[in-house]
Structure formats: C-alpha cells, structure tokens
Protein chains: 6
Amino acid sequence: MKGEKFSGKGMNVIKEDYPDLYESIVNLNETVFTGKSLDYKTQKLIAIGIASSSQDSRSIKKQMKSGIEEFDLTKDEIMDVLRVVLLTSGMPSFVKSVQILNELF
Amino acid sequence: MKGEKFSGKGMNVIKEDYPDLYESIVNLNETVFTGKSLDYKTQKLIAIGIASSSQDSRSIKKQMKSGIEEFDLTKDEIMDVLRVVLLTSGMPSFVKSVQILNELF
Amino acid sequence: MKGEKFSGKGMNVIKEDYPDLYESIVNLNETVFTGKSLDYKTQKLIAIGIASSSQDSRSIKKQMKSGIEEFDLTKDEIMDVLRVVLLTSGMPSFVKSVQILNELF
Amino acid sequence: MKGEKFSGKGMNVIKEDYPDLYESIVNLNETVFTGKSLDYKTQKLIAIGIASSSQDSRSIKKQMKSGIEEFDLTKDEIMDVLRVVLLTSGMPSFVKSVQILNELF
Amino acid sequence: MKGEKFSGKGMNVIKEDYPDLYESIVNLNETVFTGKSLDYKTQKLIAIGIASSSQDSRSIKKQMKSGIEEFDLTKDEIMDVLRVVLLTSGMPSFVKSVQILNELF
Amino acid sequence: MKGEKFSGKGMNVIKEDYPDLYESIVNLNETVFTGKSLDYKTQKLIAIGIASSSQDSRSIKKQMKSGIEEFDLTKDEIMDVLRVVLLTSGMPSFVKSVQILNELF
C-alpha cells in the first residue's frame, strides 16, 4: 500500500469529499510502511497475517492481492503466514483464509 | 516457539495431566513453524503482529520476549511490526503494544 | 430501535416461536435506549460506531439505515462517527464502513 | 484527545525515537476529532462506546477519564453509553466497563 | 447465573442507581438460562467456552467459578471445554484459560 | 468433526499440497473432540456457541450444519445455545446466528 493512491471505491469518495481525512490517511500509510529496519515485503506479510486473524474477507483478499501484485508472493509464502494464523487464531480464521488464498492461485 | 518444550505454568499442567493434548500441540507447533518458504524469524514477526492486534497483554509480551531471545530482535524491528498494527488495528492496540515493548528494552 | 417491533426476518421467528425471549429483548431494548442524560440520537450514533468497529456488515448497514430513517442522519454526521472508528479500530473497519455508507447515500 | 500532546508513557517514547510516526499520529488524531457535523463531545462519547465494546481495560479507562476531564461528563451520561454497549456487545463488556466507571466516580 | 441476584461490585451499583436497567438484565438473564431443551449445566459450559474464546480474564474466571460452585464442574470437564477453544480460537485463548483454570483447582 | 476427513474446499487443497499440516490438523481435531468427561455432542454445542459469538457466517453455518447432521440437533437446542450468545455477546451476534439457524430449519 506504500505510495498507494487508495483508488478503491470507498477511498475515492474520501478523497473527493473529505480531502483532509484523505491526506492524513495517505500520510499515515506512508509512515507506517517506511519502517526503520524491516523491509516493506515483511511488513506486507505481517499485514496479511493480521487481516487473516480478523476474519474480515474483504480485508484478507485485499491484503493478499496487493502482496501478490507488489511482491510476487507465492502461494507457499502466504500459506506460511496462514500457518501462524492457525496456531494463534484457530481453525475458522485459517480455513476462511485458505479458501480466499485458493481463489487467488 | 519452534522445538519449544512449552515450559510455562499452564503448559506444564497440560503435559502431566493431558499428555495426548500436549503431544498434539507440540506437533502442531512444530509443523506451523516449519514453513516451506518463509524463515522462522519472519513467522515470529508475524506472530508478534497478530498478538499485538488482539490486545491480549500476556500473549503480546510472550511473543515479543521469545522473539528477542531467539532472534535478537531489535526495538526498531518490533516497532516496524507495530506500525502495521497501528494502521490495521487502531491506536488502542498500538499504544498497549508500545508500552509492553518499552518495558522490554 | 426504540419502541421497535423488531420486524426483521430473524426476529419474527423469535416473536412467534420464543415469545418469552422476544419479550425480554424488547424490554431490554426499550430500557437501553431510554437513557437518563443522552438523547436517543446520540445513543444511535454510538451504536453505529460500535457496529462499524466490529466489522459485521449486516449490523453496520442495519444501524446506519435505522439512523438515517429515524433521525435523518446526514452522510457527514455518519462520516464523523467513522473518523473515530478509523482512529480506534484501524483502516479495515473504516474502509468497510465507508463502503456501506456510500451505498446508502 | 484533540490537540492532545499524547504525553502518556508509550507516546513519549514514540515522540523522541520515532518522530515521523508521532507526527502522523498527531495529524491523524487532529483530523479525526475535527468532524464536519458532530461536535467533539459527541465523538468522545462514541470513542468511549467503542473502547467499552473492545474490553480493553486500559483503553476504557483512558477514554472515560479524558471525557470526564475535557467535558465534565457525568456518570449518567457515560452509563447511557454503556447501555448501548450492553445491547450490542453483551454482559461481559458491560460489567467490566461499569466497574471501571465506578472507580472514576 | 440463573436466579442470580448479581451481587458483584458493578451490579450492586446498577441495582441501586439504575433499577430499570437492573430489572431488564435480571429478566433477560432468567430467560436466557431457562432453555427449552438444554439444561442449565450445558448452557453454563457453553458460557465458559464463549468467555474463554474472548480472552477477557475477568469473565473467564467468573464463568468458571460459578460453574464450579453451582454444578461441581470438574477440572476435566472444563478442560474439555477448553479443548474446543484451542481448535476454534487458537493457542493464546487456550493458554490464558488453562492458567485461570489451574488457579481454581 | 471428530474423525472428519475435512473434505471441504479449503481442506482438500491442504491435504494434497501441505500433507504435514493436514496431518497435524487431523490429529489435533481428533484429540480435541475426544474429551475426558464431556461427550462429543456437548462439545459440538460449545463449538456452535463460540462460532456464533465470533460473527463469522461461514463458521456459524458450518458448525450448525455438522451438529444437525451428526447429532440431529433440534432448532430448540441450537436456540438454547444462542440464548447464551445473546447474553454474552450482544444482539448483532444473536440476530445473525438466528438468521442462519432459520435457513437450516
């Protein structure tokens, strides 16, 4: 999402109608994904893990897709993230995320 | 946690009184942290991110501590994980995790 | 929802088949939304904030719709609720709620 | 939190060691609590509701305290927020928040 | 909790200062725990499972204690609940609940 | 799910491509649902309660369906589970689960 223009449906409305809010979000996003020590790819893997734990389909799909597009993440790499999700968040989070992953490969 | 003997208070009781359950957990843990593509350190960073998003103090502290002991994770590295937590999970998760991080460095 | 007859699909079945449960819910609902100090509109805005933080699409939509129908809530008013959601619950909750809001205006 | 200097323990460290992150947070916070239609007090009541639903003691206490200090919120007003929490999030969230509220009055 | 007088700290204040709310809660509680088909003990086991999944220490302890007092629940019975928690909600929820269980036996 | 072959879409892929992970999950599942004191039916009712509290539609439906198929659970029995969900997790979790239950009977 680094340098992202947030062009999704929801964010376009924010940009036009609430430019102050849009600027703050772009600024925060840029700062978040400009870490001091970890590279952006590692941060993206972490974002996929957090999204998968939260069980929000929209967000799981969005994070996986942007990870695949930006870093050519492989299915095995994302599955290694989901292994951690299985242990920390349980079967329902894991199975839901595996199904979304399968639709992307 | 890879190869871990789960020697914490809770797990010792499990090991003695519910050995079948203990074996299953050790087996799952080993499988989870033996990824095909990501190394164990990256998986640990993901586990810290998920714990921090869940707001469970015990688990945040446990994951950070084991990451520091096993991989010499620096404060900056963990803070780069928490940057992602701020964006994905909001200020309360972030601030709570920062406070725990500060106690460890 | 004050004085509501809970006429949604799920609640109609409750009313017919589990009248004791239905009565308890109607009674609780009435008590909850008859605050001592805050008016009902403010309580409705709080309910929208809580629903949006929970990422449950059905409930987000239901709270926003009833807020618009009962109080003529404007898009700007609901967006001001979602600003708080962004800070306290993170981007995924915020973006999902913004998308639902956009469908209603 | 509007115009807040974020002087809590965790945030002081952020300010000194991660000034870029601190600036982004201050900026976001200011934008969030400068709504177009709702006043700041209403947004604060919403923040208390969201914190109380999340069951994070630290955050519940922090939001209630700052609401009392900044707006002289009464016990009845906060209890009217918690009524909504009871209906939307269940007894455990409600009882925990009531206990924290009782310690503040 | 059936027929309970809710004598905990938080609830005493509710009873005195917000009797309407107290009555609604007592009424709801009574209705909830008077199931048509399942006995009260089974419902209590379900309540322990839900509390343990939510990671709220206060609520986990409260549910386990009342289950032990009202039904002489054994450690093995509660551990069988926690087995389900492990599968559905992950290790952090499970370990936290096991620790609380160990303090009660 | 005891003795289950996990034949759902997601799990089939796991079985073929990640057999180590599949074995660990089957093993854990078997251990979890072989309690020392509670019977499998009671554990299934607990699993339905936990799923319903988490608001994940896929998982709520899956747990209810397998409970109906394996144990001929009646609508009243599942509703008695959902009564507990109403008290512990609030109206949105309850209403969503009631709607899913209604689709199954």
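The structure under discussion appears in the preceding block.
Remember, it's a predicted structure, so these values are computed and weren't measured experimentally.

S.K.: Any chance you could break down the overall build of chain A for me, citing the residues and the numbers?
M.R.: Regarding its fold elements, chain A presents 6 helices and 0 strands. Each helix and strand of chain A, ordered N terminal to C terminal, gives the series α-α-α-α-α-α. Counting only C-alpha atoms, chain A reaches 40 × 30 × 25 Å along its principal axes. Expressed as a percentage of the 105 residues in chain A, the buried residues total 62%. Summarising the internal contacts of chain A: among those between residues at least 6 apart in sequence, 58% fall at separations of at least 24. When the accessible surface of chain A is summed, it comes to about 3700 Å², and 50% of that surface belongs to carbon and sulfur atoms. In chain A, 14 side chains carry a positive charge and 15 a negative one; their mean positions are 3 Å apart.

S.K.: Please give an account of the interface of chain D and chain C that cites residues and values.
M.R.: Opposite the 31 residues of chain D that make contact, chain C presents 31 residues. Summed over both partners, the interface of chain D with chain C buries about 2600 Å², with 75% contributed by carbon and sulfur atoms. Together, D:Ile50, D:Arg83 and D:Leu87 form the three largest contributors to the area buried by chain D at its contact with chain C, with a combined 24%. Here chain D and chain C share 0 salt bridges between them.

S.K.: Summarise the relation of the copies chain D and chain C; cite the residues concerned and give the values.
M.R.: Rotating chain D by 180 degrees about the axis while translating it 0.0 Å along that axis superimposes it on chain C, leaving an RMSD of 0.0 Å. Those values place the two copies in the arrangement expected of a two-fold rotation axis. When you check the interface residues of chain D against chain C, 100% turn up at the interface there too, and the contact is symmetric in its surfaces.

S.K.: Tell me about the relation of the copies chain B and chain A, and name the residues and values.
M.R.: Of the two same-sequence chains, chain B is brought onto chain A (RMSD 0.0 Å, axial shift 0.0 Å) by a rotation of 180 degrees. Interface overlap between copies is the fraction of interface residues in one copy that are interface residues in the other; for chain B against chain A it reaches 100%, indicating a shared surface.

S.K.: So what about the pattern of salt bridges? Which residues, and what values?
M.R.: For the coordinates displayed, the defined rule picks out 24 salt bridges over all chains. A salt bridge links D:Lys41 to D:Glu77, with the shortest nitrogen-to-oxygen separation between them at 2.9 Å. Highlighted residues: D:Lys41 in helix α3 (residues 40-54) and D:Glu77 in helix α5 (residues 75-89), separated in sequence by 36 residues. Put simply, D:Arg83 and D:Asp80 hold a salt bridge, and the shortest N to O gap is 3.2 Å. A residue pair is termed a helical-turn pair when its members lie 3 or 4 positions apart in one helix, as D:Arg83 and D:Asp80 do in helix α5 at 3 residues. Several salt bridges converge on common partners, so that one network encompasses A:Asp20, C:Asp80 and C:Arg83.

S.K.: Requested: an account of the packing of helix α4 (residues 57-71) of chain F against helix α6 (residues 91-104) of chain F, with residues and values cited.
M.R.: Residues and elements named next belong to chain F. Contact geometry of α4 with α6 gives a least axis separation of 10 Å together with a crossing angle of 45 degrees. Between α4 and α6, the crossing angle belongs to the class labelled oblique. Remark: the crossing between α4 and α6 carries right-handed chirality. Between α4 and α6, the contacting residues are Ser57, Ile60, Lys61, Met64, Lys65 and Ile68 on the first element and Lys96, Ser97, Ile100, Leu101, Glu103 and Leu104 on the second. Split into classes, the residues belonging to the contact of α4 with α6 amount to 6 nonpolar, 2 polar and 4 charged.

S.K.: I'd like a description of the packing of aromatic side chains, backed by residues and values.
M.R.: To describe a pair of aromatic rings, you give the distance between the ring centres and the angle between the ring planes. Residue and element names in this part refer to chain F. Under the definition given, this model contains 12 aromatic pairs over all chains. On the numbers, 5.0 Å between centres and 75 degrees between planes, the contact of Tyr40 with Phe71 is edge-to-face. Taken as a pair, Tyr40 in helix α3 (residues 40-54) and Phe71 in helix α4 lie far apart in primary sequence, 31 residues in all.

S.K.: Let's hear about helix α5 (residues 75-89) of chain A: which residues, and what values?
M.R.: Residues and elements named next belong to chain A. With 15 residues, α5 extends 20 Å from end C-alpha to end C-alpha; this agrees with the ideal 21 Å at 1.5 Å per step. For α5, the buried fraction is high: 14 of the 15 residues fall into the buried class. Positive phi shows up at Gly90, right after α5, with a value of about 95 degrees.

S.K.: Would you mind going over the interface of chain B and chain A in detail, with residue names and values included?
M.R.: Taken together, the contact between chain B and chain A spans 31 residues of the former and 31 residues of the latter. Carbon and sulfur atoms make up 75% of the area that chain B and chain A hide from each other, which totals about 2600 Å². On the chain B side of the contact with chain A, B:Ile50, B:Arg83 and B:Leu87 bury the most area, a combined 24% of that side's loss. There are 0 salt bridges connecting chain B and chain A.

S.K.: Just give me the short version of the environment of E:Thr88, but keep the residues and values in it.
M.R.: With respect to the secondary-structure elements, E:Thr88 resides in helix α5 (residues 75-89). Separated by 35 residues in sequence, E:Thr88 and E:Ser53 have C-alpha atoms that sit 8.0 Å apart. Residue contacts for E:Thr88: discarding those within four places in its chain leaves A:Ser89, A:Gly90, A:Met91, A:Pro92, E:Ser53 and F:Ile50. Within the local environment of E:Thr88, its side chain forms a polar contact with the backbone oxygen of E:Val84, the two atoms lying 2.8 Å apart.

S.K.: Run through unusual backbone geometry, naming residues and quoting values.
M.R.: The residue E:Asp72 is not glycine, and still its phi comes out positive at about 50 degrees. Its location among the elements puts E:Asp72 in the loop between α4 (57-71) and α5. The phi angle at F:Gln55 is positive, at roughly 65 degrees, despite the residue not being glycine. Secondary-structure assignment places F:Gln55 in the loop between α3 and α4. Overall, the relative accessible area of 15% leaves F:Gln55 in the buried class.

S.K.: If you had to explain the nonpolar core to someone new, which residues and values would you point to?
M.R.: Formed by 205 residues in total, the largest nonpolar core has its most connected members in A:Phe94, B:Phe94, C:Phe94, D:Phe94, E:Phe94 and F:Phe94. Other than its neighbours up to four places away in sequence, F:Phe94 contacts C:Ile14, C:Leu21, C:Ile25, F:Met79, F:Leu82, F:Arg83, F:Val85 and F:Leu86.

S.K.: Summarise the environment of B:Tyr40; cite the residues concerned and give the values.
M.R.: Taking the relative accessible area as the measure of exposure, B:Tyr40 reaches 13% and is therefore buried. As for B:Tyr40 and B:Glu23, which are separated by 17 residues in sequence, their C-alpha atoms are 21 Å apart.

Calculation rules
Residues numbered from 1 in each chain as written. Chains lettered and ligands numbered in written order. Predicted model: local features only at pLDDT ≥ 70, side-chain atom pairs only at ≥ 80, totals over all residues. Heavy atoms only, no water. Helix = DSSP H or I, 4+ residues; strand = E, 2+ residues; numbered from the N terminus. Buried < 20%, exposed > 50% of the residue type's maximum accessible area, 1.4 Å probe, protein only. Contact = heavy atoms within 4.5 Å. Areas by Shrake-Rupley, 256 points an atom, 1.4 Å probe, with all protein chains shown as cover. Lys, Arg positive; Asp, Glu negative; His and termini not counted. Charge placed at Lys NZ, Arg CZ, Asp CG, Glu CD. Buried area = accessible area lost by both parts, 1.4 Å probe. Salt bridge = Lys/Arg side-chain N within 4 Å of Asp/Glu carboxyl O. Least-squares fit on C-alpha atoms with pLDDT ≥ 70 in both. Axes fitted to C-alpha atoms, helices over the stretch in contact; angles between N-to-C directions. Parallel < 35°, antiparallel > 145°, perpendicular 65-115°, else oblique. Left-handed = near helix turned anticlockwise from the far one by under 90°. Nonpolar A, V, L, I, M, F, W, Y, C, P; charged D, E, K, R; others polar. Phe/Tyr/Trp six-rings, centres within 6.5 Å; stacked < 30°, edge-to-face > 60°. Expected span 1.5 Å × (residues − 1). Polar contact = N/O pair within 3.5 Å; in protein donor to acceptor, adjacent residues only side chain to side chain. Core = buried A, V, L, I, M, F, W, Y, C linked by side-chain atoms within 4.5 Å.

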